[in-house]
Amino acid sequence: MDNLTVAQLNAQLETITKSISDLDEESVAQIQKRLDSLTKPLGSLGQLESLAKQLGGIQRTSSPKILKKAILLMAGDHGVAAEGVSAFPQEVTPQMVYNIIGGGAAINVLARQANAEVFCTDVGVAFPLEGDIIHKRVANGTQNMAKGPAMTRQQALQALLVGAEVADEKIRAGYNLLGTGDLGIGNTTPSSAIVALITNSPIESVVGRGTGIDDAGLIKKRRVIEKAIELNQPDPQDALDVLSKVGGLEIAAIAGSILQAAASRVPIVIDGFISTAGALIAAKLAPKSTAFMIPSHGSVEIGHRKALAYLGLDPVLNLNMRLGEGTGAALTFHLVEAALHIIEEMSTFADAGVSEQSI
């Protein structure tokens with residue numbers, strides 16, 4: 001992939017985006033009919049019913065199944081960390097990668113409870129890494145977007161296709177419910193820039209505290225993002241331009257994994273703020289991909305709700321979380337499966353001998 005031209009990389013991406021189609025409305029209608037026949041008031045299970053219909057429409061069946069689950073965690077570093085936008089130094093990124101490899105991170109704990117596997121991909125960590133990780137590094141982190149573009153258009157395309165390749169490998173291995181995850185010190189800064197640009201929102205309305213910066217740090221972070229946007233002049237209508245100028249390698253890979261999931265008709269659960277920034281890029285590149293996204297939780301990062309609203313997604317969970325790693329996605333796996341248990345196991349009025357008028 002390193003030797004491919006921008007035109008060749010664009011062609012590969014276009015092949016993926018053009019293969020994304022709509023949900024199967026016949027399957028959705030069949031599941032709606034099934035839901036309406038169950039022993040409950042119409043629509044009373046809310047988002048669980050919506051999830052069941054979405055899964056049927058994605059899998060093109062009235063009896064959708066979840067076989068294997070995976071969190072696709074993308075790791076990358078950010079040159080803008082040099083501006084002091086994070087409460088932690090960049091050296092924490094590889095430390096966290098090794099914690100995940102060792103099974104001791106929050107995502108490992110929550111994925112185990114969901115009977116899911118965690119696959120960590122090095123898309124752009126700034127330090128050498130060894131061990132049980134998927135090695136697909138495009139660059140040793142991005143450049144400092146406050147001093148120039150975060151990456152080249154070629155690197156942005158390469159990172160997108162890394163995410164697509166990893167997703168494709170796991171889908172071919174039988175994983176048919178995916179979740180996104182992120183890792184990288186400083187990554188709420190590029191995510192905020194992406195959200196501000198694509199949703200056309202004021203900087204102060206989308207920039208949060210990330211890892212827990214104080215008031216002075218928050219002001220600095222906003223100024224850094226304003227400077228980066230003013231300097232680089234990203235075109236909000238060109239997702240690749242936004243991604244390359246103020247984005248991140250792991251954010252690009254998340255977007256790529258979403259696009260590949262949609263192209264392969266596999267549901268993908270979107271984690272928090274960083275993952276949703278990746279989802280915005282994916283939606284700009286292929287609007288139909290949003291139908292394959294399942295929102296997980298509403299992060300306390302202030303820009304997250306704006307990003308979800310732009311995508312037309314309503315979070316399933318509200319737990320005041322802001323960790324990332326795919327933790328919200330892993331928790332949502334339980335609810336996705338619960339939706340399927342409802343349509344598989346719940347009795348109909350006819351089965352139970354219950355009068356519909358009594359509910």
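One can find the structure itself at the top, above this paragraph.
Conventions we followed
- Residues numbered from 1 in each chain as written.
- Predicted model: local features only at pLDDT ≥ 70, side-chain atom pairs only at ≥ 80, totals over all residues.
- Heavy atoms only, no water.
- Helix = DSSP H or I, 4+ residues; strand = E, 2+ residues; numbered from the N terminus.
- Contact = heavy atoms within 4.5 Å.
- Axes fitted to C-alpha atoms, helices over the stretch in contact; angles between N-to-C directions.
- Parallel < 35°, antiparallel > 145°, perpendicular 65-115°, else oblique.
- Left-handed = near helix turned anticlockwise from the far one by under 90°.
- Nonpolar A, V, L, I, M, F, W, Y, C, P; charged D, E, K, R; others polar.
- Expected span 1.5 Å × (residues − 1).
- Buried < 20%, exposed > 50% of the residue type's maximum accessible area, 1.4 Å probe, protein only.
- Pairing = 2+ DSSP bridges.
- Phe/Tyr/Trp six-rings, centres within 6.5 Å; stacked < 30°, edge-to-face > 60°.
- Lys NZ or Arg CZ within 6 Å of the ring centre and 35° of its normal.
- Lys, Arg positive; Asp, Glu negative; His and termini not counted.
- Salt bridge = Lys/Arg side-chain N within 4 Å of Asp/Glu carboxyl O.

Asker: How should I be thinking about the environment of valine 195 in this particular structure?
Answerer: Looking at the element boundaries, valine 195 is found in helix 7 (residues 188-199). Counting along the chain gives 146 residues from valine 195 to histidine 341, while the straight-line C-alpha distance between them is 35 Å. If near-sequence neighbours (up to four positions away) are discounted, valine 195 is found in contact with Asn200, Val206, Phe273, Leu280, Gly303 and Ala307.

Asker: Before we go on, may I ask you to explain the packing of helix 7 against helix 12 (residues 302-311) in this structure?
Answerer: Between two packed helices, what matters for the description is the angle formed by their axes and the separation of those axes. Running from N to C, helix 7 and helix 12 cross one another at 45 degrees; their axes reach a closest spacing of 10 Å. If you check the angle between helix 7 and helix 12, you find them oblique. Two packed elements cross with a definite hand, and for helix 7 against helix 12 that hand is left-handed. Residues Val195, Ile198 and Thr199 of helix 7 form the contact with helix 12, whose participating residues are Gly303, Lys306, Ala307 and Tyr310. Residue composition of the contact of helix 7 with helix 12, by class: four nonpolar, two polar and one charged.

Asker: How should I be thinking about the packing of helix 7 against helix 8 (residues 215-232) in this particular structure?
Answerer: At a minimum axis distance of 10 Å, the contact between helix 7 and helix 8 shows a crossing angle of 60 degrees. The angle between helix 7 and helix 8 falls in the class oblique. Taken as a pair, helix 7 and helix 8 cross one another with a handedness that is right-handed. Note on element contacts: helix 8 touches helix 7 through Lys221, Ile225 and Ile229, opposite Thr188, Thr189, Ser192, Ala193 and Leu197.

Asker: Any chance you could explain helix 7 here in plain terms?
Answerer: Given 3.6 residues to a turn, an α-helix orients residues that are three or four positions apart in the same direction. Over its 12 residues, helix 7 extends 16 Å from the first C-alpha to the last, a length consistent with the 16 Å expected when each residue adds 1.5 Å. Counting buried residues along helix 7, 12 of its 12 residues qualify, which places the element largely inside the surrounding structure. Immediately beyond the C-terminal end of helix 7, within one or two residues, lies asparagine 200, with a positive phi of roughly 55 degrees.

Asker: Would you mind showing me how to read the pairing of strand 4 (residues 177-183) here?
Answerer: When a strand is regular, its side chains alternate between the sheet's two faces. Taking burial as the measure, the seven residues of strand 4 include seven buried ones, the bulk of the element. Burial of strand 4 is two-sided: the residues Leu177, Gly179, Gly181 and Leu183 facing one way and the residues Leu178, Thr180 and Asp182 facing the other way are all buried. Sheet topology places strand 1 (residues 69-76) next to strand 4; seven bridges connect them, and they run parallel. Bridge pairing in strand 4 links methionine 74 to aspartate 182. With two bridges connecting them, strand 4 and strand 5 (residues 268-270) associate as parallel partners. Note on strand 5: the bridge partner recorded for glycine 179 is valine 269.

Asker: What is the right way to look at the packing of aromatic side chains in this model?
Answerer: Centre distance and the angle of the planes are the two values used to describe a pair of aromatic rings. On inspection of all chains with the given rule, the structure shows one aromatic pair. Where phenylalanine 119 meets tyrosine 175, the ring centres are 5.5 Å apart and the plane angle is 80 degrees; that geometry is what we call edge-to-face. Taken as a pair, phenylalanine 119 in strand 2 (residues 117-124) and tyrosine 175 in the loop between helix 6 (153-172) and strand 4 lie far apart in primary sequence, 56 residues in all. Both residues of the pair, phenylalanine 119 and tyrosine 175, count as buried. In this structure, lysine 68 is placed above the aromatic ring of tyrosine 175, and the distance from its NZ or CZ to the ring centre is 4.2 Å.

Asker: It is not clear to me how the environment of glycine 278 should be interpreted in this structure. Could you clarify?
Answerer: Here glycine 278 lies in helix 11 (residues 273-285). Placed 35 residues apart in sequence, glycine 278 and leucine 243 show a C-alpha to C-alpha distance of 9.0 Å. Once residues lying within four places of it in the same chain are set aside, the contact partners of glycine 278 are Ile251, Ile254, Ala255 and Ile258.

Asker: Sorry if this is basic, but what is going on with the environment of glycine 163 here?
Answerer: Mapped onto the fold, glycine 163 is located in helix 6. Using a relative accessible area of 0% as the deciding quantity, one classes glycine 163 as buried. On a C-alpha basis, the gap between glycine 163 and leucine 259 in space is 8.8 Å, while along the polypeptide they are 96 residues apart.

Asker: Looking at this structure, how should I read unusual backbone geometry?
Answerer: Glycine aside, the phi torsion of most residues is negative, and most peptide linkages are trans. A positive phi angle is found at asparagine 320, which is not glycine, with a value near 55 degrees. You can see asparagine 320 is positioned in the loop between helix 12 and helix 13 (327-345). Asparagine 320 sits in the exposed class, given a relative accessible area of 66%. Even without being a glycine, glutamate 325 presents a positive backbone phi close to 70 degrees. Within the element layout of this structure, glutamate 325 appears in the loop between helix 12 and helix 13.

Asker: Teacher, can you tell me more about the side chain of glutamate 250 here?
Answerer: Along the chain, glutamate 250 falls in helix 10 (residues 249-263). Of the side chains with opposite charge, arginine 137 lies nearest to the buried glutamate 250, which makes no salt bridge, at 12 Å. If we ignore the near neighbours within four places in the chain, the residues touching glutamate 250 are Met74, Ala75, Gly76, His78, Leu183, Gly184 and Asn187.

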